[in-house]
Amino acid sequence: MSGSEESAGRIEVRAPMSGVFYRSPAPDQPPYAEVGDVVKKKQVLGLLETMKVFQKIKSPSNGTIMEIVPENETALKDNDLVFVLEKG
Amino acid sequence: MFSKILVANRGEIAHRIIRACRELGIPSVAVYSEADRDSLHLTLADEQVCIGPAVSAKSYLNMESIIDAARAAGVDAIHPGYGYLAENGSFARACEEAGVAFIGPTPDNLHLAGDKLTAKKIVQEKGVPVIPSSPAGVNSVAEAEKIAGDMGYPVMIKASGGGGGRGIRTCEDREMLVEEFPVARMEARAGFGNDEVYIEKCIAHPRHIEFQILGDRHGRVIHLGERECTIQRRYQKLIEESPSPAVTPELRERMGQAAVAVAEAVRYFNAGTVEFLVDGDGNFYFMEINARIQVEHPVTELTTGIDLVKEQIRLASGGELDYGFNDIQQRGWAMECRINAEDPERNFMPSPGKLELYRPPGGFGVRLDTHLYQGYELPVFYDSLIAKLISYDLTREGAIRIMRRALKEFGIAPIKTTIPLYLRIMDDPSFQRGDFDTGFIKRFVPDEEDDEDD
């Protein structure tokens, strides 16, 4: 469900619609992913809540997380950059 | 009567309550989150207080902040609307302690409405039929298997602390039960902070029919007829009407009496709803009490002529019920479509954004309860209900014709809404005949997977 863009091994994961970004499944739980984590394709990286509906933001490919752009609980606009991965 | 009322809600229901206050000549205080600075309800109210950041937990669910606002504004009553703190017993108690009236049921009523198993037990003792279920919470798969086997499949696993259609899992057979049981408990713990679940028998092809009730301080309880709420998706109501095409005068009499008996048994105060399931043979079963004003209250208002929000306020300030169902002239037919900012073509995904076009319907027999305006940006933080379109005519056929006409007039863009789905339903012959059950919507919505793990 996440938009992504690729150039020379750099993968951008963007918000599929506007919503509130959550890094972990619940406030008392650890984040789904941290910078430096090696992740698999379709692995859940975060959640996006739009009008009380939650959707998972998944990794579009195998790779390493280079950057997590927004802070936890930030309101994102449609197509905002969320994660930057390096393909691998 | 109260001298000033704080409305602890947002959206269409905040409008609805502020309008009632205006008509009663009572000044109102609107509260809002930082994301709702451009909300229309602020312009309708006499005073406005910001109660916190966008996230509901820190604003519309923030008891301390709301009580502080009530104190600072010098109100003597709070109307909670629906959702948020409306059925929160601790909030009702906190209002009491702050010397502010809570316009709604007593804290005890709220507690009982949330405790479905105890409510069922009390209701059963009054001779009102209830859906067969486990007598208490079920703690193991083995116990669940035994109970389900005895009552016969299909069964539902329900969270004791659940509500609003959440925390329910249907199991067709033993295998599904074994698989779903642990997941249901985990979900209940995560969703409601209480992992108690119970098993309830599935009623085949049911209709969901509920009765509006009112109770005063002196223990008098009346009902105001039924609402047909069978058209649902995933236990979320979409279309409601009053009266119900499936309820005969004789059944209305019996169900109305049962609803009043239920409310009297729990010493119910203020406005509430007693929900029943009705099977194909006209047998009805108590399901639960909703201790709040409901989203679908307008269909009752149009057919009874009674303003339920004004009645809530009057009863909370000590007013008495000096009339009953037989004294009011129930007349005509009312129908409500809940317009949600969701895309029915894309699995009802939410559709936030800015209203570039907003052209509301009007004319004979049309009521529109909404907080929308041209140029409004729908916040992503809150519910997708954006309008309630209600039609009224002397007959059901007339109400459908007005609804279809009004739905076609309703211009909203570029946001996606449920309007196209309702237009298809209005044209459906079995809907027009009043012939449907809670599975009706599946004919219009392709089968959905519960989880999108692709």
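What you are looking at is a predicted structure, and each value in this text was computed from that prediction instead of being measured. Numbering of residues begins from 1 in every chain and follows the order in which that chain's sequence is written. Chain labels run from A onward and ligand labels from 1 onward, assigned in the order the entries are written. Owing to the predicted nature of the model, reporting of local features is limited to residues with pLDDT of at least 70; listing and counting of side-chain atom pairs is limited to 80 or more, with chain, interface and lining totals taken over all residues. With hydrogens and water stripped out, all remaining heavy atoms of the structure feed into the side-chain values.

(A) Just the layout of surface pockets, in detail. A 1.4 Å probe that fits but cannot get out identifies a cavity on a 1 Å grid over protein atoms alone, an open set with protein on both sides within 12 Å along at least five of seven lines counts as a pocket, and a residue lines either if it has an atom within 4 Å of a point. Grid points are joined across faces, edges and corners, and a volume is the space filled by probe spheres set on the points. Empty space within the second largest pocket amounts to approximately 430 Å³. For the lining of the second largest pocket, the secondary-structure elements that each account for two or more residues are β8 (74-76) of chain A together with β16 (349-350), β17 (353-354) and β20 (377-378) of chain B. Here the lining of the second largest pocket is composed, by residue class, of 12 nonpolar, 4 polar and 7 charged. Going along the chain from the N terminus, every DSSP run of H or I of four or more residues is numbered as a helix, and every run of E of two or more is numbered as a strand. The nonpolar class holds Ala, Val, Leu, Ile, Met, Phe, Trp, Tyr, Cys and Pro. Asp, Glu, Lys and Arg form the charged class, and all remaining residues, Gly among them, are polar.

(B) Spotlight on the interface of chain A and chain B. Between two residues, a contact is recorded if the distance between any of their heavy atoms is within 4.5 Å. Counting from both sides, the interface comprises 17 residues of chain A and, opposite them, 20 residues of chain B. Together chain A and chain B conceal approximately 1500 Å² of surface at their shared face, both sides included; 59% is due to carbon and sulfur atoms. Among the residues chain A hides against chain B, the three largest losses belong to M17, M51 and K56 of chain A. Together they make up 38% of the total. Salt bridges are defined as contacts in which a side-chain nitrogen from Lys or Arg sits within 4 Å of a carboxyl oxygen from Asp or Glu. Counting every contact that joins chain A to chain B gives 3 salt bridges. Under this definition, polar contacts are N or O atom pairs within 3.5 Å; protein pairs additionally need one hydrogen-donor-capable and one acceptor-capable atom, and for neighbouring residues in sequence, both atoms have to be side-chain atoms. The interface formed by chain A and chain B holds 3 residue pairs in polar contact (both at pLDDT 80 or more) in total. Looking at the side of chain A that touches chain B, the elements that each hand over two or more residues are β3 (19-22), β5 (44-50) and β6 (53-58) of chain A. In terms of residue count, β6 of chain A provides more of the side of chain A that touches chain B than any other element does, 4 residues in total. Taken together, the residues that form the side of chain A that touches chain B break down as 6 nonpolar, 4 polar and 7 charged. Note on definitions: buried area is the accessible-area loss of two parts on being combined, 1.4 Å probe, summed for both.

(C) Representation of empty space enclosed by the protein. Evaluated as defined, the whole model comprises 2 cavities of 30 Å³ or more. Here the largest cavity defines a volume of roughly 50 Å³. Among the residues forming the lining of the largest cavity, the class breakdown is 7 nonpolar, 1 polar and 2 charged. What the second largest cavity holds in volume is close to 40 Å³.

(D) Just the environment of R189 of chain B, in detail. Residue and element names in this part refer to chain B. In this structure, R189 sits in helix α8 (residues 174-192). Taking the relative accessible area as the measure of exposure, R189 reaches 48% and is therefore partly exposed. Along the sequence, R189 and G161 sit 28 residues apart, while their C-alpha atoms lie 9.1 Å from each other. In contact with R189, not counting residues within four places along its chain, are N194 and D195. Relative accessibility decides the category of a residue: with a 1.4 Å probe and only protein chains considered, values under 20% of the type maximum give buried, values over 50% give exposed, and everything between is partly exposed.

(E) Local environment of the sheet that holds strand β3 (residues 47-52) of chain B. All names here are of chain B. Here, strands pair whenever DSSP counts at least two bridges between them. In spatial order, the strands read β3-β2-β1-β4-β5; together these 5 strands make up an open sheet with parallel pairing. Every other strand in the sheet has two partners, leaving β3 and β5 (101-102) as the edge strands with one partner each. Its contacts with the sheet place helix α3 (residues 63-73) against β1 (5-7), β2 (28-33), β3 and β4 (77-79), and it is angled at close to 155° to β3. Inter-axis angles, ranging from 0 to 180 degrees, are taken between N-to-C directions of lines fitted to C-alpha atoms, where helices are fitted over the stretch in contact.

(F) Representation of the side chain of S160 of chain B in the model. Residue and element names in this part refer to chain B. For S160, the position within the fold is in strand β6 (residues 155-163). Residue S160 is classed as buried on the basis of its relative accessible area, which comes to 6%. Engagement of the side chain of S160 in a polar contact is seen with the side chain of E196, the distance being 2.8 Å.

(G) Quick look at unusual backbone geometry. Residues S242 of chain B and P243 of chain B are joined by a peptide bond in cis, for which omega reads 0°. By secondary structure assignment, the location of P243 of chain B is in the loop between β11 (236-242) and α9 (249-265). Put simply, A413 of chain B and P414 of chain B share a cis peptide bond, and its omega is 0°. By secondary structure assignment, the location of P414 of chain B is in the loop between β22 (411-413) and α13 (419-426). Despite not being glycine, K42 of chain A has its phi angle at roughly 70°, a positive value. For K42 of chain A, the position within the fold is in the loop between β4 (38-39) and β5. We note that M51 of chain A has phi near 50°; this positive angle belongs to a residue other than glycine. Mapping M51 of chain A onto the fold places it in the loop between β5 and β6. Residue M51 of chain A is classed as buried on the basis of its relative accessible area of 3%.

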